[in-house]
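Architecture and fold: a report
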Amino acid sequence: PETITVQELAKRMGERGADLVKSMFKLGTPVTITETIDRDTAELLIEEFGHRFVPVSEADIDIDTSIDVDADETLQPRPPVVTIMGHVDHGKTSLLDAIRGADVVSGEAGGITQHIGAYQVTLKDGSKVTFLDTPGHEAFTEMRARGANVTDIVVLVVAADDGLKPQTIEAINHTKAAGVPMIVAINKIDKPGANPQKVREELLQHEIIVEAMGGDVQDVEVSALKKTNLDGLLEAINLQAEILELKANPERAAEATVVEAKLDKGRGPLATVLVQRGTLNVGDIIVVGAASGKVRAMIDDHGRQVKQAGPSFPVEVLGLGAVPSAGDQLTVVENEARAREVAAYRQSVLDKKRTTSAPVSLENMFANRA
Ligand code: GDP
Ligand code: MG
């Protein structure tokens, strides 16, 4: 139900509750401060006080995005975003490192790489793939909990000498819940005790039917240590990406998601973001979660300064006023006043979430405004 108490509305408007009550009286509808009013009445009051309508749902907070859908003709193919998950010690980090080594660009640049929580590799055929290398499960679930679904494809790593383990099963469940397609990388096939077939059979018990068993989940045997068949894995990712037909409009104000953030002593708050649509530019005024700022500089995964970041491109952003959280949305706004307004609003939502235990029934109060 779209209702709000007079008190709450007053708080959000930054007005005194008593003044709202007075106004309501003038409008011919006497209410007390603790009574609820409906959406239309609230709108009326907001206008009465000369305030602007601020959508309440996170999805709609963004004034020039979210509501609008990019027209088909503006869409261009974008690289897939891949998360590697699996049981501890099954080789996630080794695989990420090995794949990173397969990047033709880092080869050219002398292999200078920088850990920013995500990286993009360019394959021999020129195609690109973005990998999140934040600690798998937590980042994935944390981001999903915040409504951010940045992962297009999950690579499930299973050690061929160890088989399915608790965190493997956990990863399978997360992936299913997210509705993200999976590729199984059967790792450590160089080991004497490796038994890839056993892995495939164990997967059956979790309704994962790999291609080798007649299903449609791609399975690839690899060795991260010996760098065996990394091409096969990357091909499988590319094939899956083709099926997904991943596209985004690069020619618009950027929308991005934070994958990692920290405070750097010298450089201040740093946030690694993954652009989902549009292009982020140095100089853009941004709101990230409840923080705002101006993009002072952007650094890619090779430690190079870049002026622009398009869809699926991970960059570290400098210039924020505070450290955001993984899963926070980055939005480009038209000016600093608007940035502060949106940031303050988001902060008030956060505060509210912290102080109220009762579910917020007003969450969507203004969300459906056309
Ligand atoms: P993570 O916990 O999933 O990130 O696993 P790591 O990448 O840290 O690997 C755990 C251990 O397995 C390390 O000692 C790696 O050297 C080893 N390892 C990873 N991949 C392979 C592989 O393909 N073959 C062999 N023999 N060892 C591997
Ligand atoms: Mg690791």
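Residues numbered from 1 in each chain as written. Chains lettered and ligands numbered in written order. Predicted model: local features only at pLDDT ≥ 70, side-chain atom pairs only at ≥ 80, totals over all residues. Heavy atoms only, no water.

Where an unreviewed UniProt entry is consulted, the chain appears under the name Translation initiation factor IF-2, with the organism given as Sphingomonas cremea.

Ranked by size, the top nonpolar core spans 26 residues in total, and within it L95, I99, F131, V155, L233 and I237 carry the most contacts. Elements with a minimum of two residues in this core: β4 (81-86), α4 (92-101), β5 (118-122), β6 (128-132), β7 (153-159), β8 (182-187) and α9 (230-244). Here this core takes six residues from α9, the largest share from any one element. (Core = buried A, V, L, I, M, F, W, Y, C linked by side-chain atoms within 4.5 Å. Buried < 20%, exposed > 50% of the residue type's maximum accessible area, 1.4 Å probe, protein only. Helix = DSSP H or I, 4+ residues; strand = E, 2+ residues; numbered from the N terminus.)

Close contacts around ligand 1 come from 15 residues, with D89, K92, T93, S94 and D190 the closest. G91 places a polar main-chain atom, nitrogen or oxygen, 3.0 Å from an oxygen atom of ligand 1. Considering ligand 1 on its own, with 580 Å² of exposed area, one finds that the protein chains cover 74% of that surface. The element best represented in the shell around ligand 1 is α4, accounting for three residues. Of the residues in the shell around ligand 1, the class split is three nonpolar, seven polar and five charged. (Near = heavy atom within 4 Å. Polar contact = N/O pair within 3.5 Å; in protein donor to acceptor, adjacent residues only side chain to side chain. Areas by Shrake-Rupley, 256 points an atom, 1.4 Å probe, with all protein chains shown as cover. Nonpolar A, V, L, I, M, F, W, Y, C, P; charged D, E, K, R; others polar.)

With that settled, the discussion passes to empty space enclosed by the protein. All chains considered together, the criterion is met by one cavity of 30 Å³ or more. As a volume, the largest cavity reaches approximately 40 Å³. If you trace the largest cavity, you find it lined by H115, I116, E260, A261, K262, L270, A271, T272 and E316. Those elements that provide at least two residues to the lining of the largest cavity are β11 (255-264) and β12 (268-277). (1 Å grid on protein atoms, 1.4 Å probe; cavity = no way out; pocket = protein on both sides within 12 Å on 5 of 7 lines; lining within 4 Å. Points joined across faces, edges and corners; volume = space filled by probe spheres on them.)

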